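What follows is each chain in one-letter form.
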Amino acid sequence: MKTIVQLSTNDVVADMQYLPVISLLIPFDPKMVLKIKLLEKLSNAASRVEGQLLEKYHGDTAMLMIEKLRTIIAGLNYNTHKKSVAIYLSPVLEKVIYMDITVEEKITIDGAFDIRDLVQHKKQEHSFLVMLVTNKESRIYLGRDDRLIRIVTTTPKPLFPYNKKEQTDGLDSLKKSTLAHFLQHADNTLEIILKAYPLPLFICGDEELLEQFKAISKGGHAVVNYIYSDVADATVHEIQKKMAMYIADWASVQQQYLACRLQKAARDKRLVTGIKDVWQKAVHHKGSLLLVEKNYQYPEKQNTGDEILYNIMDPYHPFSYIKNVVGDIIEKVLENGGDIEYAENNLLADYGHIVLMQPD
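All values derive from a computational prediction rather than experimental measurement.

1. Describing the overall build of the protein chain
Each helix and strand in the protein chain was counted, giving 12 helices and 13 strands. Considering the protein chain as a whole, with its 360 residues, one finds that 46% of them fall into the buried category. A sequence separation of at least 24 residues applies to 67% of the contacts in the protein chain between residues at least 6 apart. Counting only carbon and sulfur atoms, one obtains 51% of the accessible surface of the protein chain, whose full area is about 18700 Å².

Written as structure tokens, this is what we have:
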């Protein structure tokens, strides 16, 4: 078995021979933003890096890194359909990662860079769905922070008795049939909306009515909260006010939504679990969402007999920012256009602490 020496970025920073170490996270979406605007953003970022380098380093060292950075920026791919780019640069290593996630701009000079940090700098959009269910109608809203935009309204269609038996059942039976038909139609509409907007879902309404809806609904996999409340005559402003308390702790909403998605994917047999199987799928560009517990690490050498996991470190430069197998998986998923989410510790305990979700 091969012995692998892997130095982290902290080791590089500790040795002046391998400074400066530069990392940039930049929103980069050529299909949505004019090239001239992207060039301006990149130029401004490069200017800030150059200023810090010239202040901190000898002229030759600074100019070498400035030239390397300019070369990388000049060679960026403006035909990509990705949304952001990560640039890692040191005297001994260059790396560019195009990602299909939106990030907040961040520039670091001589700080320890871990690819796991990319997830921490994802731009968090507080987007969710709210469904109101009443006897009169169902309404679905798209929520963005404190704004609600109505997407669709569904109303009951009267059912008329067509045979003698239905006529003798009476009005109460007809009302029950009408309500059942309406709730089924409302759920079919919800299923279509969830495919277009795969977001955390809140459903509001009278408790008895919601219990009937839950019994037939196929959209439960997205529901983070059922809110029992009389919303028959609620205005948009009143709904916004009510929702404020439920989305105040957005991190908790996200974790509940991840748990819902995890359960559905498990039922649908779309989960790859455990470090070895997840890595193998990631290498072959499989999987759309990686879930990993926040503090989970898999060192590059353990006495587990997993030779394949030792060997994956071979291609790395000795001064790579990749510190362990988890970092390698994250990079591969991001490069393949997938997304990454951190789960609370032990949320994935039954799945080997790391999960790769396959698309629907």
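2. Concerning the sheet that holds strand 4 (residues 106-109)
Whether parallel or antiparallel, the strands of a sheet pair through hydrogen bonds between backbone atoms. Within the open sheet, the four strands sit side by side as 3-2-1-4. Their pairing is antiparallel. The sheet is open, and its two borders are formed by strand 3 (93-99) and strand 4, each paired with just one other strand. Within the sheet, the average angular offset between the axes of one strand and its neighbour, ignoring direction, is 10°. Most of the contacts of helix 3 (residues 59-74) go to strand 2 (residues 84-90), to which it runs at about 155°, and overall it touches strand 1 (22-27), strand 2 and strand 3.

3. Let's talk about unusual backbone geometry
Unlike most non-glycine residues, N346 shows phi in positive territory, near 80°. With respect to the helices and strands, the residue N346 is situated in the loop between strand 12 (339-343) and strand 13 (354-357). For H353, which is not glycine, the phi torsion reads 75° and is therefore positive. Within the secondary structure, H353 is located in the loop between strand 12 and strand 13.

4. What to know about the packing of helix 2 (residues 35-56) against helix 3
At a minimum axis separation of 9 Å, helix 2 and helix 3 run at an interaxial angle of 170°. Judged on the interaxial angle alone, helix 3 and helix 2 are roughly antiparallel. Crossing handedness for the pair helix 2 and helix 3: right-handed. Across the interface between the two elements, L42, A46, V49, E50, L53 and L54 of helix 2 pack against A62, M63, M65, I66, L69, R70 and I73 of helix 3. Residues belonging to the contact of helix 2 with helix 3 are distributed by class as follows: 11 nonpolar, no polar and two charged.

5. Observations regarding the nonpolar core
Of all hydrophobic cores here, the largest spans 37 residues; its most connected members are V130, M131, L201, I203 and M243. Elements with a minimum of two residues in this core: strand 5 (127-133), strand 6 (138-144), helix 6 (171-196), strand 8 (201-205), helix 7 (207-216), strand 9 (223-228), helix 8 (236-247) and helix 9 (250-267). Here this core takes seven residues from helix 6, the largest share from any one element. Filtering out sequence-adjacent residues up to four positions away, I203 remains in contact with M131, V133, L190, L210, F213, V223, N225, Y226 and I227.

6. A word on the confidence of the model for the protein chain
Here the protein chain shows a mean pLDDT of 82. Residues at 70 or above account for 82%. Mean pLDDT in the protein chain bottoms out at helix 1 (residues 9-14), which sits at 40, and peaks at strand 8, which reaches 96. Confidence over residues 1-16 falls short of pLDDT 50; this stretch has 36 contacts with residues more than four positions distant or in other chains. Long-range and interchain partners of residues 312-319, a stretch whose pLDDT sits below 50, account for 22 contacts in this model, where long-range means more than four residues apart.

7. What to know about helix 7
Of the residues making up helix 7, those classed as buried are L209, L210 and F213. On an axial view of helix 7, the arc spanned by its buried residues comes to 95°, and they lie on one face. Across helix 7 from its buried face, at more than 90 degrees, point the exposed residues E208 and A215. Where helix 7 begins, the capping side chain belongs to D206, and its oxygen is found 3.1 Å from the backbone nitrogen of E208.

8. So, the environment of Q254
Within the secondary structure layout, Q254 lies in helix 9. Sequence separation between Q254 and E341 is 87 residues, and the spatial gap between their C-alpha atoms is 9.4 Å. Other than its neighbours up to four places away in sequence, Q254 contacts Q124, P200 and E341.

9. Observations concerning the packing of aromatic side chains
Counted by the stated rule, this structure contains five aromatic pairs. Between F28 and Y98, the aromatic rings sit 6.3 Å apart at their centres with planes inclined by 45°, giving tilted as the arrangement. Separated by 70 residues along the polypeptide, F28 in the loop between strand 1 and helix 2 and Y98 in strand 3 bring together distant segments of the chain. Look at F28 and you get buried, because its relative accessible area is 1%. Measuring from ring centre to ring centre gives 6.2 Å for F128 and W250, while their planes differ by 50°; the resulting arrangement is tilted. Highlighted residues: F128 in strand 5 and W250 in helix 9, separated in sequence by 122 residues. Residues F128 and W250 agree in their burial class; the two are buried. An aromatic cluster is defined as three or more aromatic residues linked by ring pairs; in this entry it consists of F128, F202, Y246 and W250. Positioned over the ring face of Y226 is K214, at 4.5 Å from the centre of the ring.

10. Section: the environment of Q124
Within the secondary structure layout, Q124 lies in the loop between helix 4 (117-120) and strand 5. Separated by 22 residues in sequence, Q124 and T102 have C-alpha atoms that sit 8.4 Å apart.

How each quantity is defined
Residues numbered from 1 in each chain as written. Predicted model: local features only at pLDDT ≥ 70, side-chain atom pairs only at ≥ 80, totals over all residues. Heavy atoms only, no water. Helix = DSSP H or I, 4+ residues; strand = E, 2+ residues; numbered from the N terminus. Buried < 20%, exposed > 50% of the residue type's maximum accessible area, 1.4 Å probe, protein only. Contact = heavy atoms within 4.5 Å. Areas by Shrake-Rupley, 256 points an atom, 1.4 Å probe, with all protein chains shown as cover. Pairing = 2+ DSSP bridges. Axes fitted to C-alpha atoms, helices over the stretch in contact; angles between N-to-C directions. Parallel < 35°, antiparallel > 145°, perpendicular 65-115°, else oblique. Left-handed = near helix turned anticlockwise from the far one by under 90°. Nonpolar A, V, L, I, M, F, W, Y, C, P; charged D, E, K, R; others polar. Core = buried A, V, L, I, M, F, W, Y, C linked by side-chain atoms within 4.5 Å. pLDDT = per-residue confidence, 0-100. Arc of directions from axis to C-beta. Polar contact = N/O pair within 3.5 Å; in protein donor to acceptor, adjacent residues only side chain to side chain. Phe/Tyr/Trp six-rings, centres within 6.5 Å; stacked < 30°, edge-to-face > 60°. Lys NZ or Arg CZ within 6 Å of the ring centre and 35° of its normal.

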